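Listed below are the residues making up each chain.
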Amino acid sequence: MRILLCNCNSPPSLTPLSPTPPQKPPPSFLPIAAVWAKKTLITALTGALSLTLLVSSPSPSLSLDSPSFQPPRPPQFENSRPDRCTKEEEQQEQEEDKVELKPEFVTNEEIVQEAWQIVNDSFLDTGRHRWSPKSWQLKREDILGTSIQTRSKAHKLIKRMLASLGDPYTRFLSPDEFSKMARYDMTGIGLNIREVSDDIGGVKLKVQGLILDGPAHTAGVRQGDEILAVNGEDVRGKSAFEVSSLLQGPNETFVTIKVRHGNCGPTESLEVKRQLVARTPVFYRLEQVSEGPTSVGYMRLKEFNALARKDLVIAMKQLQDMGASYFILDLRDNLGGLVQAGIEIAKLFLNEGETIIYTVGRDPQYLKNVVADTAPLVTMPVVVLVNNKTASASEIVASALHDNCRAILVGERTFGKGLIQSVFELRDGSGVVVTVGKYVTPNHLDINGNGIEPDYRNFPAWSDVTQHLLRCNSLRQG
């Protein structure tokens with residue numbers, strides 16, 4: 001079973017990849033702990049997609065070749081990876097394959113039972129209070145007490161079962177719909193990456209899907225390959241999201257990928273020509289003001305995609321070099337995108353240890369306090385512009401900066417989309433989208449259905465911005 005964490009409001013407008021062999025599920029009905037242990041978390045989508053991806057034209061001024069932006073040197077590891085797996089690792093891979101079950105052997109009743117169990121274990125009722133363990137058990141007895149003679153009828157029963165929850169975001173996905181959602185290209189070279197746990201508590205980055213005859217496939221990358229390095233930088237310890245960002249770049253440029261073929265095959269360095277235009281969501285300019293600070297760095301962020309953090313860092317550094325003493329971060333009409341991108345962007349402004357967001361859910365894996373783990377990139381005052389179309393990842397950034405006294409909010413109350421959905425693959429290739437958690441701001445405000453109230457409706461004087469943030473920090477510390 002695979003899971004993709006997302007804020008799934010609508011289908012993704014992303015490049016579909018060629019179908020890949022479905023994850024082989026556990027045999028029969030294992031104890032639920034064993035079944036859940038089979039989950040594969042694709043953290044390229046962590047928290048991930050509000051799936052309202054808007055794009056803008058690339059700006060030449062945001063090139064990574066800019067002399068004002070020098071990426072840090074990658075850490076050096078003393079112990080290199082072996083080129084081939086050990087006999088024990090190869091034997092373990094073979095043993096894991098033996099216990100898997102092909103989708104065609106899954107019965108209609110088992111598919112319905114699997115969907116029921118996912119909701120029973122993970123669903124978070126965030127509004128209408130229609131769900132309870134007792135009522136859900138009765139639902140199982142009612143549905144599984146009927147004859148399910150066709151796969152089509154099984155899918156209809158799952159749809160009916162999910163509709164009874166009264167949650168507009170919890171829904172069924174046909175095999176075709178699941179395939180389109182799970183396999184897409186966010187790297188710009190025609191592949192999709194997923195994270196796979198290894199036997200020492202770490203993760204490997206595997207190629208989950210490929211565009212046939214796309215740049216990566218043409219260069220020799222194959223389904224199931226493990227990605228070891230990008231442009232000579234070891235990707236050990238990096239998330240799929242981070243590596244996807246490393247792979248992106250301007251059209252017609254090259255990226256070198258070191259891969260290990262298959263589970264235990266040889267390693268190979270491959271040069272891949274990027275053939276898709278990398279589109280930045282960041283627009284910025286330096287503004288001169290007559291009152292207050294002489295120079296203000298204005299940055300508009302249209303969406304949270306894999307380029308958002310990288311390009312915002314470039315903009316912030318260039319605006320600082322140009323003399324900006326205040327920043328305006330414009331999140332108006334930004335409906336979200338990759339939540340992990342929002343979290344990484346919030347870290348650029350916060351002190352180490354400060355809370356970015358809390359996540360709440362019935363499953364312990366969704367109970368988290370997400371904190372900044374590095375020093376801030378900038379410390380000057382920030383004004384965040386918001387409106388009623390500021391949603392999801394945008395609300396996470398806005399509330400993180402506001403509640404930690406790093407920014408004031410100006411504009412309208414935000415949209416109020418603060419739910420977490422997970423996409424679970426069922427064993428016949430179909431799937432279910434289930435609400436599993438919600439976001440709570442550092443000041444413990446439930447975002448969903450409430451939104452975030454701004455500090456000012458109209459843009460205040462710059463002196464008021466400074467005084468507001470000073471008062472906020474004073475109250476926070478005392």
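This text goes with the structure placed above it.
Residues numbered from 1 in each chain as written. Predicted model: local features only at pLDDT ≥ 70, side-chain atom pairs only at ≥ 80, totals over all residues. Heavy atoms only, no water.

Draft legend 1. Local environment of the overall build of the protein. Broken down by element type, the protein carries twelve helices and 20 strands. Per-residue burial over the protein gives 52% buried out of 478 residues. (Helix = DSSP H or I, 4+ residues; strand = E, 2+ residues; numbered from the N terminus. Buried < 20%, exposed > 50% of the residue type's maximum accessible area, 1.4 Å probe, protein only.)

Draft legend 2. Geometry of the state of the cysteines. Under the definition given, this model contains one disulfide. The side chain of Cys405 participates in a disulfide bridge whose partner is Cys472; the two sulfur atoms lie 1.9 Å from each other. The chirality of the disulfide connecting Cys405 with Cys472 is left-handed, given an S-S dihedral of about -65°. Taken together, the positions of Cys405 in the loop between α11 (393-403) and β18 (407-411) and Cys472 in helix α12 (residues 462-477) put the pair 67 residues apart, joining distant regions of the chain. A relative accessible area of 21% means that Cys472 is categorised as partly exposed. (Disulfide = S-S within 2.5 Å.)

Draft legend 3. Local environment of the nonpolar core. Formed by 72 residues in total, the largest nonpolar core has its most connected members in Ile158, Val384, Leu401 and Val432. In this structure, this core is formed jointly by two domains, domain 1 (108-175) and domain 3 (282-477), each of which donates at least three residues. Leave out the neighbours within four places in its chain, and Val432 touches Ala115, Ile118, Ile158, Leu162, Arg171, Phe172, Ser422, Val423, Phe424 and Leu426. With 19 residues, the next largest nonpolar core counts Leu205, Val207, Ala216 and Leu270 among its residues. (Core = buried A, V, L, I, M, F, W, Y, C linked by side-chain atoms within 4.5 Å. Domains from an automatic or database assignment. Contact = heavy atoms within 4.5 Å.)

Draft legend 4. Examining the packing of helix α10 (residues 339-347) against α11 more closely. As a packed pair, α10 and α11 sit with axes 8 Å apart at the nearest point and diverge in direction by 20°. In terms of their interaxial angle, α10 and α11 are classed as roughly parallel. As α10 packs across α11, the resulting crossing turns out to be right-handed. Side by side, α10 and α11 meet where Val339, Gly342, Ile345 and Ala346 of the first sit next to Ala393, Ile396, Val397, Ala400 and Leu401 of the second. Class assignment for the residues of the contact of α10 with α11 results in eight nonpolar, one polar and no charged. (Axes fitted to C-alpha atoms, helices over the stretch in contact; angles between N-to-C directions. Parallel < 35°, antiparallel > 145°, perpendicular 65-115°, else oblique. Left-handed = near helix turned anticlockwise from the far one by under 90°. Nonpolar A, V, L, I, M, F, W, Y, C, P; charged D, E, K, R; others polar.)

Draft legend 5. Quick look at the sheet that holds strand β13 (residues 295-301). Taken in spatial order, the five strands of this open sheet run β12-β13-β14-β17-β18, and their pairing is mixed. Strand pairing shows two members of the sheet lacking a second neighbour, β12 (282-288) and β18, which therefore form its edges. This sheet shows a mean twist of 20° between the axes of neighbouring strands, independent of strand direction. The sheet contact formed by strand β17 (residues 382-386) and β18 spans five bridges and is parallel. (Pairing = 2+ DSSP bridges.)

Draft legend 6. Quick peek at the environment of Arg476. Considering the arrangement of structural elements, one finds Arg476 in helix α12. The exposure class of Arg476 is partly exposed, given its relative accessible area of 40%. The contacts of Arg476, once residues within four sequence positions are left out, are Glu354, Asp403, Asn404 and Cys405. Engagement of the side chain of Arg476 in a polar contact is seen with the side chain of Asn404, the distance being 2.8 Å. (Polar contact = N/O pair within 3.5 Å; in protein donor to acceptor, adjacent residues only side chain to side chain.)

Draft legend 7. Representation of the side chain of Asn334 within the structure. Mapped onto the elements of the fold, Asn334 is located in the loop between β14 (326-330) and α10. Of note is the side chain of Asn334, whose polar atom sits 2.9 Å from the backbone nitrogen of Gly336. Not counting chain neighbours up to four residues away, the residues in contact with Asn334 comprise Leu301, Lys302, Glu303, Phe304, Lys389, Thr390, Ala391 and Ser394.

Draft legend 8. Examining the packing of helix α3 (residues 108-122) against helix α5 (residues 151-163) more closely. The contact between α3 and α5 brings their axes to 9 Å, and the two run at 20°. Classified by the interaxial angle, the pair formed by α3 and α5 is roughly parallel. Between α3 and α5 lies a crossing of right-handed hand. On α5, the residues touching Asn108, Ile111, Val112, Ala115, Trp116 and Val119 of α3 are Arg151, Ala154, Ile158, Met161 and Leu162. Taken together, the residues of the contact of α3 with α5 sort by class into nine nonpolar, one polar and one charged.

Draft legend 9. Inspection of the pairing of strand β7 (residues 203-210) at higher detail. Most of β7 is tucked away: six of the eight residues are buried. The pairing of strand β6 (residues 191-197) with β7 spans seven bridges and is antiparallel. Bridge pairing links Ser197 to Val203 in β7. Following β6, the chain reverses through five residues before pairing antiparallel with β7; Gly201 in that reversal takes a positive phi of roughly 90°.

Draft legend 10. Quick peek at the pairing of strand β10 (residues 254-260). Pairing between strand β8 (residues 226-230) and β10: four bridges, direction antiparallel. Pairing of Ile227 across the sheet is with Val259, part of β10. Where β10 meets strand β11 (residues 267-273), seven bridges bridge the pair, whose relative direction is antiparallel. Bridge pairing in β11 places Lys258 opposite Ser269.

Purely spatial values, then, with no claim about function.
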